[in-house]
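Survey of secondary and tertiary structure
The residues making up each chain are set out below.
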Amino acid sequence: MSVPKNPGLAEEGEEEEEEEESYGTAESMDPELYRATIEGDILEFIKAMEHGTLDRQYHSSAGCVHLGPQKNTVLHIATSCGHYEIVKLLCKDLPFYVAEKNSKGDTPLHIAARAGDLLFVTLLTSCDLREGVLELENEEGNTALHEALGHRHEKVARILIDRNPNTSYSVNKEGKSVLYLAAEAGFVDLVKLLLDYPVGNCSVEGRFRNKSAVHAALLGKNKNVLRILWEKDQSSFHLRCDEVGRNSLHFSASIGFLEGVNFLLSKFCAAAYQRDKRGLFPIHTASSKGHVDIIQGMLQHCPDSRELLTLQGQNVFHVAAKSGNDKAVSSMLKMPELEKLLNEKDDDGNTPLHVATICGHPRIVSALTLDERVDLELGNNDGFTALDIAEEYMEIRASFQKRLTWMALRVAGAPRSPHTDFSKTDKTSSAGQNSELENYKDKVNVVLLVATLVAAVTFTAGFTVPGGYNNSNPDLGMATMLAKVKFQEFVICDTVAMYSSIIVTVTLIWAQLGDTSSMHVALKLAVPLLAIALAMMSIAFMAGVYLVVSELNNWLGNVILVMGSNVLIVLAALFMPLCFLGSSNCRIFRRLSCFPFLLLLYAFGSNTERDENED
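Everything numeric here is computed off the predicted structure, so don't read it as measured data.

Rules used in this analysis
- Sequence positions are assigned chain by chain, starting from 1 and proceeding in written order.
- It should be noted that, the model being predicted, local features are given only for residues of pLDDT at least 70 and side-chain atom pairs only at 80 or more, the latter also being counted only at that level, while totals for whole chains, interfaces and linings use all residues.
- Processing note: side-chain calculations cover all non-hydrogen atoms of the structure and skip hydrogens and water entirely.
- UniProt positions are given in the numbering used here, feature names are shortened, and annotations may be inferred rather than shown by experiment.
- By the criteria applied, helices consist of DSSP H or I runs no shorter than four residues and strands consist of E runs no shorter than two, each listed in order from the N terminus.
- Residues belong to one nonpolar core when they are buried, are Ala, Val, Leu, Ile, Met, Phe, Trp, Tyr or Cys, and are joined through side-chain atoms within 4.5 Å.
- The buried label goes to any residue with under 20% of its type's maximum accessible area, the exposed label to any with over 50%, and the partly exposed label to all in between, with areas taken from a 1.4 Å probe on protein chains only.
- In what follows, a contact means two residues having at least one pair of non-hydrogen atoms within 4.5 Å.
- When the centres of two rings from Phe, Tyr and Trp lie within 6.5 Å, Trp using its six-membered ring, the rings pair. Their planes under 30 degrees apart give stacked, over 60 give edge-to-face, and anything left gives tilted.
- Nonpolar side chains (Val, Leu, Ile, Met, Phe, Trp, Tyr) are joined into patches within 5 Å and like charges within 9 Å, using only residues with over 30% relative accessible area and no salt bridge.
- Note that accessible areas follow from Shrake-Rupley with a 1.4 Å probe, and for residues the cover is restricted to the protein chains shown.
- Just to be clear on terms, a salt bridge is a Lys or Arg side-chain nitrogen sitting within 4 Å of an Asp or Glu carboxyl oxygen.
- Axis definition: a line fitted to C-alpha atoms, limited for helices to the stretch in contact. Angles are taken between N-to-C directions and run from 0 to 180 degrees.
- Note on angle classes: values under 35 degrees are labelled roughly parallel, values over 145 roughly antiparallel, values of 65 to 115 roughly perpendicular, and the remainder oblique.
- The handedness criterion is simple: a crossing whose near helix is rotated anticlockwise from the far helix by less than a right angle is left-handed, and one whose near helix is rotated clockwise is right-handed.
- Three classes are used, and their members are as follows: Ala, Val, Leu, Ile, Met, Phe, Trp, Tyr, Cys and Pro are nonpolar, Asp, Glu, Lys and Arg are charged, and the others, Gly among them, are polar.
- Residues adjacent in sequence count toward polar contacts only when both atoms are side-chain atoms; beyond that, a polar contact is any pair of N or O atoms within 3.5 Å, and within protein one must be able to donate a hydrogen and the other to accept it.
- Throughout, the arc means that of the directions going from the helix axis to the C-beta atoms.

Details of the UniProt feature "repeat: ANK" (unreviewed entry) in the protein chain
- Summarizing the sequence annotation, UniProt attributes the feature "repeat: ANK" (unreviewed entry) to residues 104–124, 140–172, 174–196 and 348–381 in the numbering used throughout.
- The distance from the first to the last C-alpha atom of residues 140–172 is 7 Å, and the span holds 52% helix and 0% strand.

Quick notes on the nonpolar core
- With 115 residues, the main nonpolar core has Leu 149, Leu 160, Val 191, Leu 229, Phe 237 and Leu 368 as its most contacted residues.
- Here this core gets seven residues from one element, more than from any other, and that element is helix H10 (residues 178–185).
- Contact partners of Leu 368, with chain neighbours within four places excluded, come to Val 329, Leu 333, Leu 342, Pro 352, Leu 353, Ala 356 and Val 374.
- Counting 21 residues, the second-largest nonpolar core is a separate cluster that includes Val 447, Leu 523, Ala 533 and Phe 575.

Here's the deal with the packing of aromatic side chains
- Inspection of every chain in the model, using the stated rule, returns five aromatic pairs.
- When the centroid spacing of 5.0 Å and the interplanar angle of 80 degrees are considered together, the rings of Trp 230 and Phe 237 count as edge-to-face. Grouping residues by exposure puts Trp 230 and Phe 237 together as buried.

Quick notes on the environment of Lys 192
- Within the secondary structure, Lys 192 is located in helix H11 (residues 188–196).
- For Lys 192, a relative accessible area of 40% translates into the label partly exposed.
- In sequence terms Lys 192 and Ile 228 are 36 residues apart; their C-alpha atoms lie 7.0 Å from each other.

Topic: a nonpolar patch on the surface
- A grouping of Tyr 499, Ile 502, Val 506, Trp 510 and Leu 513 is seen on the molecular surface, where their side chains present a nonpolar patch of about 590 Å² in accessible area.
- Note that Ile 502 resides in helix H27 (residues 485–511).

Quick look at the packing of helix H9 (residues 154–163) against H11
- At a minimum axis separation of 10 Å, H9 and H11 run at an interaxial angle of 20 degrees. In terms of orientation, H9 lies roughly parallel with respect to H11. The element H9 and its partner H11 pack so that their crossing is left-handed. Contacts between H9 and H11 involve Glu 154, Ala 157, Arg 158, Ile 161 and Asp 162 from the former and Asp 189, Leu 190, Leu 193 and Leu 194 from the latter.
- In terms of residue class, the contact of H9 with H11 is made up of five nonpolar, no polar and four charged.

Some remarks on helix H16 (residues 258–267)
- The set of residues buried in H16 consists of Gly 260, Val 261, Phe 263, Leu 264 and Leu 265.
- Structurally, H16 contributes buried residues whose contacts are with helix H13 (213–219), helix H14 (223–232), helix H15 (248–255) and helix H18 (292–301).

Structural notes on the side chain of Thr 369
- For Thr 369, the position within the fold is in helix H22 (residues 362–369).
- Given the relative accessible area of 11%, Thr 369 is considered buried.
- From its side chain, Thr 369 meets the backbone oxygen of Ser 366 in a polar contact 3.0 Å long.
- When neighbours within four sequence positions are excluded, Thr 369 is seen to be in contact with Leu 353, Leu 376, Ala 408, Leu 409 and Ala 412.

Examining the environment of Arg 35
- As for its placement among the helices and strands, Arg 35 is situated in helix H2 (residues 31–39).
- Its relative accessible area of 41% is what places Arg 35 among the partly exposed residues.
- In sequence terms Arg 35 and Ala 48 are 13 residues apart; their C-alpha atoms lie 9.5 Å from each other.

With respect to H9
- Looking at H9, one finds that the buried residues are Val 156, Ala 157, Leu 160 and Ile 161. The arc that holds the buried residues of H9, viewed along the axis, is 135 degrees, so those residues lie on one side.
- On its buried face, H9 sits against helix H6 (108–115), helix H7 (118–126), helix H8 (144–150) and H11.

Okay, here's the thing in structure tokens:
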């Protein structure tokens, strides 16, 4: 029995041999041949090709085909670089190169068709091709004709079709046939040609499994292609366009193709009464996307389509309110044929106003509440009005969109249900009470912190007045600018701000010792006082800075006054809804809050949750 002298080294050597066996090697091309092909030097190319047939070092496994690292032949490289003389020479002497594929499955014909080069495509298709070259597919399942149509090269596609009109092409891995690609590109003449030849046809199973040419024509928004498809194959219009089960009218309404919608309604009106898998009719799809012109077109062709409901019993107004498109809702409110739908209820008893409130779309809620035809007092199956629902969201940590929605209802004077308080009392649990208490405590703490900071700042400003103090008799220790009007304004505003913030602080300290009702009352008092404190502090700052700079630089003082005035207007706009909107049922206060609220709505009321309702 023999033992290796160094078993450790032997084992390591065996492992290295095993590892070496797993290594791979890439194909390589003769450097001179590769360089000549890239540069397009025909003489050097011929010389390198002749040299390559004698030198077997750079031969590929095929023996006579020179391959690069990505399995590109010299014909691939010459075609991609646009060297006509080399391509012409190879097509004449070595036509089998045309059928060779690289690592991506592309033949030289794929490359030329993708680039849209008429000269090279004509040259490659004119050589002695073996049967089936035009049908060769790359890794994506595309033939050369797929590539030409996909990259919008109509003339190249025409050459490939004329080369063998009887060729039958399959669909690519995306499920797109050559007819689909031609329709999507809007090539009217090619669509006619493909429908007349087998090249544009698929098997019956394929027509239902793969993407429809009608879908492509709609996607390309080409009415002429639609007309040709209708004349040649009306059955294709009955196919569903996607996995959601939308028909051609659904899809056309979704992308806002008005001409396509009108064409389909004139030829295939039954499509308006077909649901998709989500239970939506085409008019609901148009409503969710905000295409009001399409809704009007559908109502003209099919007036009773306004009565169509989703599986949840919702009409077009419900769907529009849910989608969050406020411009569409505003336009639909002006359509008299939709007037009777404004107060209709869905299966849960929710009107469009309820739905907009639930989804938190303040602009839509504002548009609906400003319309006198909308009944603000209607309740759903649970007896809740729109305001009840908004306030239910306000009891928890509501988003800013929900808060604006609540404000829109309060500005409009939307009522509560008479049974709201009773039902809420019955349903309130200890866990709910604790959650509400914590919510109020957080609010109190925030306001208390701000009030404390204001009190500290204004207290400090009261002893560091603008201009300082006199250091000599007879006015020793007196403010140097005491006689100035702006200084007096500074002192008064600073004093009001400090005392207001102190009152807020003490009020909220007492509130923390009580229950939620006491906190609620305390906040009603504290928020307006805090608004006054902030406004007075802003005026004091403006007066103080103006006092210091105006004597030497008048224009700078005026700039400070303008900036300060604008800040005060913004503060009023932000605080007035908070101070008066929820604290009083008085109509005058609500009217005062209306304009600041509209400013808030314009600035911050854009819908940030539209993506939740996308198809």
